[in-house]
Amino acid sequence: MRRHLIGIVGIVLVAIALVGAAITAIVLARPPSPTTYVPPGMMGRRGRVPRGAVPTSGPNGGYSSLGQQVFLTGVGSSGPIPRTGGIGMMGSGGCATCHGEDGRGGRLGGMMRAGIDVPDIRYSTLTSPHGEEGTTEPGWTDAQIAAAIREGKDPGGGTLSSYMPRWQMSDTDMNALIAYLKELR
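Everything numeric here is computed off the predicted structure, so don't read it as measured data.

A.B. asks: Just to check I follow, could you spell out helix H5 (residues 142–151) for this structure?
C.D. replies: Residues Ile145, Ala146, Ala148 and Ile149 constitute the buried set of H5. Down the axis, H5 shows its buried residues gathered within 155 degrees of arc, on one side only. Buried residues along H5 sit in contact with helix H4 (123–126), strand S6 (166–167) and helix H6 (171–183). Gly152, located one to two residues past H5, shows a positive phi value of around 70 degrees.

A.B. asks: Sorry if this is basic, but what is going on with the nonpolar core here?
C.D. replies: Within soluble globular proteins, side chains that are nonpolar tend to cluster in buried spots. Judged by nonpolar contacts, the single largest core of 26 residues is most densely connected at Phe71, Ile145, Ile149, Met169, Leu177 and Leu181. Taken together, the elements giving at least two residues each to this core come down to helix H2 (66–73), H4, H5 and H6. A total of six residues in this core trace back to one element, the largest contributor, which is H6. Excluding residues that lie within four positions of it along the chain, Ile149 makes contacts with Met164, Pro165, Arg166, Trp167, Met169, Met174 and Leu177.

A.B. asks: Help me understand the layout of surface pockets in this model?
C.D. replies: A probe matching the size of a water molecule, rolled over the atoms, marks out where space remains unfilled. In this structure, the largest pocket spans a volume of roughly 590 Å³. Forming the boundary of the largest pocket are 28 residues, of which His99, Pro119, Ile121, Leu160 and Met164 lie nearest the centre. Contributing elements (two or more residues each) for the lining of the largest pocket: helix H3 (96–99), strand S5 (116–118), H4, H5 and H6. Tallied by class, residues from the lining of the largest pocket come to 20 nonpolar, five polar and three charged.

A.B. asks: Honestly, the packing of aromatic side chains in this entry has me stumped. Any pointers?
C.D. replies: In total, this model carries one aromatic pair according to the counting rule given. An angle of 50 degrees between the planes, with centres 5.4 Å apart, marks the rings of Phe71 and Tyr180 as tilted. Residue Phe71 is located in helix H2, and its partner Tyr180 is located in helix H6; the two are separated by 109 residues in the primary sequence. A single burial state applies to Phe71 and to Tyr180, both of which are buried.

A.B. asks: Explain the state of the cysteines here, please?
C.D. replies: One covalent bond between the sulfur atoms of two cysteine residues makes up a disulfide. Considering all chains together, one arrives at zero disulfides under this definition. Cys95 carries a free sulfur, and the closest cysteine sulfur to it, the one in Cys98, is 9.1 Å from it.

A.B. asks: Explanation requested: the packing of H5 against H6 in the structure shown.
C.D. replies: Two packed helices can be described by the angle between their axes and the distance between those axes. Two elements in contact, H5 and H6, have axes separated by 11 Å at closest approach and are oriented at 115 degrees. Relative to H6, the element H5 is oriented roughly perpendicular. Read as a crossing pair, H5 and H6 show a hand that is right-handed. Of the residues in H6, those touching H5 at Asp142, Ile145, Ala146, Ile149 and Arg150 are Asp171, Met174, Leu177, Ile178, Leu181 and Lys182. Taken together, the residues that form the contact of H5 with H6 break down as seven nonpolar, no polar and four charged.

What counts, and at which threshold
- Residues numbered from 1 in each chain as written.
- Predicted model: local features only at pLDDT ≥ 70, side-chain atom pairs only at ≥ 80, totals over all residues.
- Heavy atoms only, no water.
- Buried < 20%, exposed > 50% of the residue type's maximum accessible area, 1.4 Å probe, protein only.
- Helix = DSSP H or I, 4+ residues; strand = E, 2+ residues; numbered from the N terminus.
- Arc of directions from axis to C-beta.
- Contact = heavy atoms within 4.5 Å.
- Core = buried A, V, L, I, M, F, W, Y, C linked by side-chain atoms within 4.5 Å.
- 1 Å grid on protein atoms, 1.4 Å probe; cavity = no way out; pocket = protein on both sides within 12 Å on 5 of 7 lines; lining within 4 Å.
- Points joined across faces, edges and corners; volume = space filled by probe spheres on them.
- Nonpolar A, V, L, I, M, F, W, Y, C, P; charged D, E, K, R; others polar.
- Phe/Tyr/Trp six-rings, centres within 6.5 Å; stacked < 30°, edge-to-face > 60°.
- Disulfide = S-S within 2.5 Å.
- Axes fitted to C-alpha atoms, helices over the stretch in contact; angles between N-to-C directions.
- Parallel < 35°, antiparallel > 145°, perpendicular 65-115°, else oblique.
- Left-handed = near helix turned anticlockwise from the far one by under 90°.

Set out below in structure tokens:
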């Protein structure tokens, strides 16, 4: 009797394992949600782009504008936008990979290394007068924002952090991106 019971328990456990394996295979084979985008290397922090996949329907692949597409994916009107520099975890994502879906920046990394402070790149922040240690600098112009993105230069001619990629972005994509930065609140 005991041997018979052990056999039944063994069959039940094998059946449970097979059902679990089948469910896992189905879940892993299903495509991700088509409503959100996660660039390679995302850390899933609060304020970052939610997990999912690139939207595929509607104008600009389902994004509200070309600027949003560039910001979230790094893909412009002619395909992926080439860039140099930056950090390895950025992979092929867009601005949101580091600056977050809302553009507010924050602390990136820090688990196995020191991490970096990523600045707020909302248009309202960039174009407002700001300063450090009692000084006030004028807000950035659109041309200065473009120079920061393309050349890694701040308005004073200084060099931005080496973590910031230098994007070889067309005027069309740049104008769309700056227009999108104006929408971020």
